[in-house]
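# Observations on the model geometry
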Amino acid sequence: MTVFSNQAFDDHEAVQMFCDRETGLRGVIAIHSSYLGPGFGGCRYWRYGSESEAVEDALRLSQGMSYKNALAGIPFGGGKAVIMADRNTPKSPALFEAFGRAVDRLCGDYITAEDVGVSVQDMEAVARTTRHVSGLASKGGVAGGDPSPKTAMGVFHGIGAAVARAFGRNDLEGLRVGVQGIGNVGYYLCSFLADAGARLTVADINRDSTIRAADEFGATIESTDNILAADVDVVAPCALGGVITADLVGRLQAKVIAGAANNQLADATVGDLLRQNRILYAPDYVINSGGIVSVAAEYQGNASDEDVDRNVALIADRLTEIFAKADKADRPTARIADEMAREAINRSEIMPRPMSTDSAVAN
Ligand code: NAD
């Protein structure tokens, strides 16, 4: 396993492996950049094929969080945790309490929340052993709670901006949208889209999820193999990363890709291909930043739910700016977004951080 020479390393500030003998917990916390503030990003619980895969996923995701947080204008750097799921160590409150202790040892340099495979209930267990956690049970009217509905809301606004750019229209009535992955975000996204009059096609490896979408939103069910190449106007990848490949670009029928999944492009050259094929790509870490906006506001403790909704709606403006810059320069949207994010990070100054006096853990 390599870290420094890993393609995804990108000068990470810190990569920590953690382990808890009692619960069998094993995982990685990666902190990409703390230029704008402590590393903030969710925790993924996933069955990886190897340690190397887990490390690479943590690195790629935490770099994405740096860029996401920078462009969302929130005072946090990028970090991410992955827990290596194992059939011998199923999810349990004790496992997440142990994860909380691993987070707490970093004294606030990394703040955690939900990602794939992790629920509000899991984060409640984490909160028993560290205060550097967000996405806890919501307290009505106050910002916070499960970030998925806010992520979906941001993706919905982003689809609106992309459709305006690609099709020159300001409504989604009758628009055909294919959604890959009807999990936490995908389900809420379908609900927003159905309310706006879009016609949905959905796919998920979990058949119950697609049946629910068919029942509740009148969605047509598509095979998981074909959903991204389906005959629709927009595809919204809302499952896992790496799904937009060079091979797929030639088969795509949609003119817009705008979804929640992190790291959608298999590699940066796929973004170039999309541009050449006149397919508009909404950079993933811009369109899916609604959740981090929500949990960051919760962590800072100074915002109402309405404030969060207002900030999430700004995702449309941010994407419109990126689309315009990309058109002006005739360059891929993904590269424009990366440059804007790096500029925002480089503009910041490294603030001297006081020595930590943090010991928030309940003994
Ligand atoms: P989730 O685990 O609740 O949902 C993912 C869904 O995708 C599941 O229903 C799963 O069965 C399905 N799936 C997996 N592989 C599939 C395949 N090959 N084809 C079709 N469906 C498949 O996760 P989520 O919280 O909804 O997040 C979805 C994506 O959005 C992830 O990439 C996540 O990193 C990203 N994201 C989530 C949030 C958030 O607030 N939850 C925020 C930003 C980004």
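Okay, so let's go over this structure. (Residues numbered from 1 in each chain as written. Predicted model: local features only at pLDDT ≥ 70, side-chain atom pairs only at ≥ 80, totals over all residues. Heavy atoms only, no water.)

### Details of the overall build of the chain
Stated formally: Numbering of helices and strands runs from the N terminus, with a helix taken as a DSSP run of H or I at least four residues long and a strand as a DSSP run of E at least two residues long. With the radius of gyration taken over C-alpha atoms, the globule rule is written as 2.2 Å times the number of residues to the power 0.38. We call a residue buried when its accessible area falls under 20% of the maximum for its residue type, exposed when it is over 50%, and partly exposed in between, using a 1.4 Å probe and counting protein chains only. Accessible surface is estimated by sampling points in the Shrake-Rupley manner with a 1.4 Å probe; for residues, cover comes only from the protein chains shown.
When you go through the chain residue by residue, the secondary structure sums to twelve helices and twelve strands. Against the compact-globule benchmark of 21 Å for 363 residues, the chain has a radius of gyration of 20 Å, which places it among compact chains. Expressed as lengths along the three principal axes of its C-alpha atoms, the size of the chain is roughly 55 × 45 × 45 Å. For the chain, buried positions account for 53% of its 363 residues. For the chain, the computed accessible surface area is about 16100 Å², with 47% contributed by carbon and sulfur atoms.

### Some thoughts on the packing of helix H4 (residues 148–167) against helix H11 (residues 305–329)
If you want to describe how two helices pack, look at the angle between their axes and the distance between the axes. Selection rule: Where helices are involved, their axes are fitted lines through C-alpha atoms of the stretch in contact, as for all axes, and angles between N-to-C directions lie from 0 to 180°. Here is the rule for handedness: rotate from the far helix to the near one, and if that takes an anticlockwise turn smaller than a right angle the crossing is left-handed, while a clockwise turn gives right-handed. Note on contacts: a residue pair is in contact if any heavy atoms of the two residues lie within 4.5 Å. In this classification, the charged set is Asp, Glu, Lys and Arg, the nonpolar set is Ala, Val, Leu, Ile, Met, Phe, Trp, Tyr, Cys and Pro, and all remaining amino acids, among them Gly, are polar.
Following both chains from N to C, one finds H4 and H11 inclined at 35 degrees, their axes separated by 9 Å at the closest point. Two packed elements cross with a definite hand, and for H4 against H11 that hand is right-handed. Facing H4, whose interface residues are Lys150, Met153, Gly154, His157, Gly158, Ala161, Ala162 and Arg165, H11 presents Asp305, Val308, Asp309, Val312, Ala313, Ile315, Ala316, Leu319, Thr320, Phe323, Ala324 and Asp327. Here the contact of H4 with H11 is composed, by residue class, of eleven nonpolar, four polar and five charged.

### Section: the sheet that holds strand S10 (residues 234–237)
Applied cut-off: At least two DSSP bridges between two strands are required for those strands to pair.
Taken in spatial order, the six strands make up an open sheet running S9-S8-S7-S10-S11-S12, and their pairing is parallel. Both outer strands of the open sheet, strand S9 (220–221) and strand S12 (280–281), are each paired with one neighbouring strand and no more. Alignment of strand S7 (residues 176–180) against S10, held across four bridges, turns out to be parallel. Bridge pairing in S10 links glutamine 180 to proline 237.

### Some thoughts on the packing of aromatic side chains
Ring pairs (aromatic) are described by centroid distance and by the angle formed between their planes. Stated formally: Stacked, tilted and edge-to-face are the three classes applied to pairs of Phe, Tyr and Trp rings, where Trp contributes its six-membered ring and a pair requires centres within 6.5 Å; stacked means planes under 30 degrees apart, edge-to-face means over 60, and tilted covers the rest.
Following the criterion strictly, the structure yields ten aromatic pairs and no others. When the centroid spacing of 6.3 Å and the interplanar angle of 40 degrees are considered together, the rings of tyrosine 45 and phenylalanine 96 count as tilted. With tyrosine 45 in strand S4 (residues 43–46) and phenylalanine 96 in helix H2 (residues 93–104), this pair connects stretches of sequence that are 51 residues apart. Assigned by exposure class, tyrosine 45 and phenylalanine 96 land together as buried. With 6.2 Å between their ring centres and 70 degrees between their planes, phenylalanine 76 and tyrosine 299 make a pair best called edge-to-face.

### A look at the site of the ligand
Filter applied, for reference: We call a residue near a molecule or strand when any one of its heavy atoms sits within 4 Å of it. Within 3.5 Å is the distance limit for a polar contact, defined as a pair of N or O atoms, with the added protein rule that one can donate a hydrogen and the other accept it, and that residues adjacent in sequence qualify only through two side-chain atoms.
Taken together, 23 residues lie near the ligand, and Thr151, Val185, Asp204, Ala239 and Asn262 sit nearest. Within the backbone of valine 185, an N or O atom sits 2.8 Å from an oxygen atom of the ligand. At 2.6 Å, a side-chain N or O of aspartate 204 approaches an oxygen atom of the ligand. Considered on its own, the ligand offers 830 Å² of accessible surface; in the complex 84% of this is hidden by protein.

None of this, on its own, says anything about what the molecule does.
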